Structures are given as structure tokens and as C-alpha cells.
Amino acid sequence: MVVGAQARDVDTIIIGSGPGGYVAAIRAAELGQKVTIIERDEIGGVCLNIGCIPSKALINVGHHYREAISETPFGLETENVTLDWSKTQSWKQNTVVNTLTSGVKLLLKKHHVDIIKGEATFNDNETVNIVQDDGHELLQFNNAIIATGSRPIEIPSMPFGDRIIDSTGALSLEQIPEKLIIVGGGVIGSELGGVYANLGTKVTIIEGLDHTLNGFDHEMTKPVLDDFKKQGGEVVTSATAKSAVQTADHVTLNYEVDGKEQSVTGDYLLVAVGRRANTDAIGLNNTDVKLTERGVIDVAENMQTRVPHIFAIGDITAGPQLAHKASFQGKIAAAAISGDKQARDLHYSLPAVAYTQFELATTGEDLETIKSDNLEVKISKFPFAGNGRAISMDDTTGFIRLISDKKTNALLGAQIVGPSASDLISELSLAIENGLTTNDISLTIHPHPTLGEAIMDTAELADGLPIHI
Ligand SMILES: Cc1cc2nc3c(=O)[nH]c(=O)nc-3n(C[C@H](O)[C@H](O)[C@H](O)COP(=O)(O)OP(=O)(O)OC[C@H]3O[C@@H](n4cnc5c(N)ncnc54)[C@H](O)[C@@H]3O)c2cc1C
């Protein structure tokens with residue numbers, strides 16, 4: 001570590017090692033850059049450490065536990081099912097999270113990426129200051145990619161602490177709560193609510209909009225909500241969270257709905273009302289990088305900011321805050337920095353998934369856009385109840401919906417509710433990106449018996465030649 005005012009020259013720096021930053025680092029190294037990655041916390045960012053991965057681990061445990069205590073139609077009987085929550089937490093951290101973050105560290109090492117642990121702030125358009133545990137270091141860079149991600153939004157009248165927790169707290173509770181209140185029924189609130197509902201917690205979701213799981217249409221979310229209520233969950237929509245009062249072992253949330261003051265008491269209050277881009281404390285005011293009105297970094301199609309050699313990717317740019325979006329943009333920025341003048345984010349479809357009790361996945365155009373744009377489309381929908389594999393799995397809730405151009409049959413959008421929706425959606429994104437038609441899909445041989453056959457069935461339905469419906 002160098003202490004002093006003399007800046008050390010480096011080539012490409014990347015600030016933040018989440019799915020945006022670490023992917024950009026590896027790709028830039030593959031393309032010949034000498035890369036230095038700066039991370040103030042843990043390699044892997046939010047997604048690997050306190051986001052996508054640990055939440056999916058707990059969702060999986062919730063599914064297994066619920067299956068184990070539920071009656072099955074095929075005769076499996078289990079008795080005295082118990083869950084050792086401390087083992088769950090240790091597995092989530094040591095086997096799942098640590099395996100992945102160590103893997104990413106190895107990949108960075110393999111590509112000769114230098115890792116500096118510390119907090120970076122820009123001094124100007126050419127230098128960053130890195131504050132470390134034992135001093136600070138000044139780096140002068142040729143190119144920079146900002147990938148500093150986002151953090152949970154705090155409601156001023158209910159600051160995080162003790163029994164008021166953010167998603168990170170909800171992933172690491174020492175005990176399974178009896179009652180959990182969640183402010184915010186978006187994807188994160190609904191996914192974590194689903195985990196605890198499956199583990200026997202009484203979950204109450206307080207949502208400001210008139211619906212939860214914004215971004216997925218009502219027909220998609222209905223099975224999820226019905227199931228959540230069957231599990232004892234409660235959802236209050238069009239409600240405003242006002243304040244929270246804590247005692248040693250409880251927290252009470254006061255909220256207003258229909259002009260009436262209400263309250264609910266639980267063991268914990270999870271506030272999941274969105275995430276704020278980490279653009280405020282990285283010294284952007286010392287640079288010519290500009291923010292949009294919404295506080296995210298203004299970037300061109302190649303992820304370049306207003307400063308030609310500074311790029312920005314991931315949650316700090318406009319659009320949905322998704323790990324795969326961050327990684328995709330990371331690869332574009334890395335290519336652009338390495339001299340690829342064609343590198344552009346020109347995607348037609350950005351898939352989004354909610355890992356609720358029944359998975360929800362959407363890509364390309366959705367129903368609302370189609371309606372508001374008055375597009376001439378065909379909509380075909382095939383239920384998993386008509387799919388042999390789903391029936392053999394006893395997992396038949398949900399459907400596949402395809403939206404295709406009425407004249408050309410080109411696939412414009414797709415939505416899936418049900419088993420493996422998160423994996424199945426990729427076939428449909430591939431089809432959209434490549435301008436494929438429903439006829440191309442129905443003429444593609446899908447193996448039998450698979451859930452994927454339901455995609456072929458939905459395409460055949462769009463073509464007016466259905467076999468299984
Ligand atoms: C509970 C939860 C579940 C989620 N589930 C999913 C999911 O299933 N699928 C999905 O696509 N997305 C999911 N997300 C969102 C996903 O985690 C983010 O979209 C993704 O992590 C964004 O990646 P990023 O690279 O932009 O930033 P991040 O992953 O946020 O990484 C940014 C990194 O930058 C570091 N950093 C910030 N400032 C500085 C600085 N000044 N100096 C040095 N380092 C700095 C931070 O420490 C952090 O490690 C989830 C999020 C949460 C919270």
C-alpha cells in the first residue's frame with residue numbers, strides 16, 4: 001500500500017465487484033486490458049453475498065420444508081419434520097455464498113485482475129482515491145467502469161436497526177419469526193415473504209400500490225397471491241406505512257388505508273421499498289459524469305458516460321435493477337473500452353423473474369405495453385395442466401403465454417407462470433432476439449417429456465394447429 005499524494009498509474013479500473021463489475025473485469029482482461037478492481041466490501045457484490053444467491057438458497061429451503069410437511073397425492077408420508085435453522089444459515093453462507101465468491105476470486109486471479117480492498121471516490125476525471133483500513137492510495141487510470149450498485153431505501157420514520165430490517169437482515173435472521181411484517185410487496189418483499197410463509201411465519205405485506213409484484217400482470221400474480229393467502233399470508237394494498245414503534249421483542253407498524261389508521265405487530269418489520277443507486281458518495285461531483293433526473297448515471301448505448309473514458313453499468317444506470325442486466329452491460333463496457341466500436345446495448349428482450357411460490361418470468365413486450373401501443377398481436381396461452389412432465393411432477397399450476405405479431409408471427413413477448421419459468425424463459429428471449437416466429441418454435445423438436453414442450457404447444461396454438469389443447 002502506498003501512502004502519499006503521488007498517484008500510481010494503472011490501466012483500467014473497475015469500481016465494485018458485483019455481477020456488473022466482476023464480469024466486466026474478466027471480459028476486459030480477456031480482451032487484453034490490465035484490470036484493477038476496487039471493492040470496499042465482499043467480492044461478488046450484493047447479488048452473490050446478500051441478494052440473488054442467498055435469497056434463492058432460502059427460497060429453496062422454504063420449498064423443501066413445505067413439501068416435507070405437506071400431504072402428497074402420491075403417497076409419500078413423513079413424520080416429525082424439523083428444520084435446524086442454524087444449519088440452514090450456515091449452509092447458505094458457507095456452502096452457497098462462499099463457494100461462489102471464492103470461485104469469482106479465482107476467476108479474477110486467473111485473468112490477472114488486481115484486487116484492491118477499499119472505498120473509491122473520484123478526485124477528478126483521471127484519478128480515484130481509495131480509502132483502506134490502514135491508509136489511502138491514489139490511482140491514475142486510463143479507463144474506468146463504475147459498477148457501485150445500489151442499497152436498500154430507508155423510510156425516515158422507520159430507520160433500520162434492531163427489529164426494523166432490510167433484505168440483508170431478513171436473509172440472516174437468527175430465528176424463524178412467528179410474525180413478519182413487510183412494507184413493500186415488490187419482487188424482493190414477495191420472495192422473502194414467501195420464504196418465511198413456507199416456514200410457518202405469519203406474513204403481512206403492506207403495499208402502497210393497488211397490487212403487489214409490480215411488473216407482472218394480474219393474471220400472472222393471481223396464483224401466487226392465492227397461494228400466499230392459503231399459507232396464512234395477508235396482503236394490504238393501497239396502504240401507506242406511517243411509522244413503527246419497537247419494544248424489546250416486537251415491532252408495531254402504523255399504516256393508513258382508505259383514510260383509516262391501522263396497525264399490525266410482528267417480530268420483525270422488513271422494509272423493502274426499493275433500492276437507491278450508489279451514486280451519491282463516489283465523488284462524481286469532482287468529475288464531468290452526469291446523472292439523470294432520477295439520480296442514475298447517464299450513459300450512451302455503449303455504457304459510456306459524458307466522460308469518454310469513464311463507463312457505468314448495472315444498478316447505477318437506468319432500467320430494472322437486475323444482475324443479468326449488470327453483467328450484460330459489463331461485457332459491453334469492457335468491449336467498448338477495448339476498442340470495439342460496434343459494442344452497443346441493443347437488446348429487444350430483458351427477462352425478469354420473480355422466485356415466488358410459482359415462478360413468474362417475463363421477456364420482451366408485456367400485455368400492458370401491447371395494449372397501450374395498440375399493437376396488432378396474437379396471444380396464445382397454454383396451461384401446464386396440459387403438459388405431461390408437469391403432471392408427472394405434480395406441479396401443474398400456471399401457464400405459458402406468447403405474444404406474436406399478427407401479420408408476421410414474429411415473437412414479441414412471452415410470460416410464464418409455473419415450474420421452471422426462470423429457466424424456460426431463456427428459449428423465448430433467444431427467439432425474440434433472433435426474430436423467430438411462432439412457426440419456427442413449433443417446428444423445433446422439443447424433447448419429451450419436458451416442461452419445454454409447453455412452449456412448443458403454445459406456439460402451435462398461435463399457429464392455429466394445437467395438438468394438446
Ligand atoms: C434480496 C435481493 C434479491 C435479489 N434477487 C435478484 C435476482 O434473483 N435476480 C436478479 O437479477 N437480481 C436480483 N437482485 C438484484 C441484484 O442483486 C442487483 O441488480 C445486482 O447485484 C446489481 O449488480 P451491480 O454489479 O450493479 O452492483 P452490486 O451487486 O450492488 O455491487 C456493487 C458493489 O460495489 C461496491 N461498492 C459500492 N461503492 C463502492 C466504492 N465507492 N468503492 C468500492 N466499492 C464500492 C459494493 O460494495 C458492492 O459490492 C436482488 C437483490 C436483492 C437485494
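Residues numbered from 1 in each chain as written. Predicted model: local features only at pLDDT ≥ 70, side-chain atom pairs only at ≥ 80, totals over all residues. Heavy atoms only, no water.

Peer 1: Before we move on, could you go through the site of the ligand and cite the residues and values that matter?
Peer 2: Around the ligand there are 39 residues in total, and Gly20, Glu39, Lys56, Asp315 and Ala323 lie nearest to it. At a separation of 3.2 Å, an oxygen atom of the ligand approaches a polar backbone atom of Leu322. For the ligand, whose accessible area on its own is 990 Å², the fraction buried by protein is 95%. Sorting the residues of the shell around the ligand by element identifies β3 (35-39), α2 (45-50), α3 (52-69), β5 (119-122) and α8 (323-337) as the ones contributing at least two each. In terms of residue count, α2 provides more of the shell around the ligand than any other element does, four residues in total. Its residues assigned to classes, the shell around the ligand comprises 15 nonpolar, 16 polar and eight charged. (Near = heavy atom within 4 Å. Polar contact = N/O pair within 3.5 Å; in protein donor to acceptor, adjacent residues only side chain to side chain. Areas by Shrake-Rupley, 256 points an atom, 1.4 Å probe, with all protein chains shown as cover. Helix = DSSP H or I, 4+ residues; strand = E, 2+ residues; numbered from the N terminus. Nonpolar A, V, L, I, M, F, W, Y, C, P; charged D, E, K, R; others polar.)

Peer 1: Give a description of the UniProt feature "binding site: NAD(+)" (unreviewed entry) in the chain that names residues and reports values.
Peer 2: Here the UniProt feature "binding site: NAD(+)" (unreviewed entry) sits at Gly184, Gly185, Gly186, Val187, Ile188, Gly189, Ser190, Glu191, Glu207 and Gly274. For the annotated residues, spread through 91 residues, the largest C-alpha to C-alpha distance comes to 14.1 Å, consistent with a single compact locus. Considered against the largest cavity, the annotated residues that line it turn out to be Ser190. Take Gly186: it is sitting in the loop between β11 (179-183) and α6 (187-198). Contact partners of Gly186, with chain neighbours within four places excluded, come to Glu207 and Leu213. (UniProt positions renumbered as here; feature names shortened; annotations may be inferred. 1 Å grid on protein atoms, 1.4 Å probe; cavity = no way out; pocket = protein on both sides within 12 Å on 5 of 7 lines; lining within 4 Å. Contact = heavy atoms within 4.5 Å.)

Peer 1: Residues and numbers for helix α13 (residues 453-462), please.
Peer 2: For α13, the tally of buried residues reaches nine of 10 residues, placing the bulk of the element in the interior. Trailing α13 by a residue or two, Gly464 shows a phi angle of about 80°, which is positive. (Buried < 20%, exposed > 50% of the residue type's maximum accessible area, 1.4 Å probe, protein only.)

Peer 1: Account for the side chain of Ser380, with residues named and values stated.
Peer 2: Residue placement: Ser380 occurs in strand β22 (residues 377-383). One polar contact links the side chain of Ser380 to the main-chain carbonyl oxygen of Thr458, over a distance of 3.0 Å. Setting aside residues up to four positions removed in sequence, Ser380 forms contacts with Ile400, Arg401, Leu402, Thr458, Leu461 and Ala462.

Peer 1: Give a description of unusual backbone geometry that names residues and reports values.
Peer 2: The peptide bond linking His448 to Pro449 adopts the cis configuration, its omega dihedral lying at -5°. By the secondary structure assignment, Pro449 is in the loop between α12 (438-442) and α13. Positive phi, close to 55°, is recorded for His112, a residue that is not glycine. Positionally, His112 belongs in the loop between α4 (85-110) and β4 (114-117). Judged by its relative accessible area of 60%, His112 is exposed. In this structure, Met303 takes a positive phi of about 75° despite not being glycine. Relative to the assigned elements, Met303 resides in the loop between β18 (275-277) and β19 (310-312). Classification of Met303 by relative accessible area gives buried; the value is 2%.

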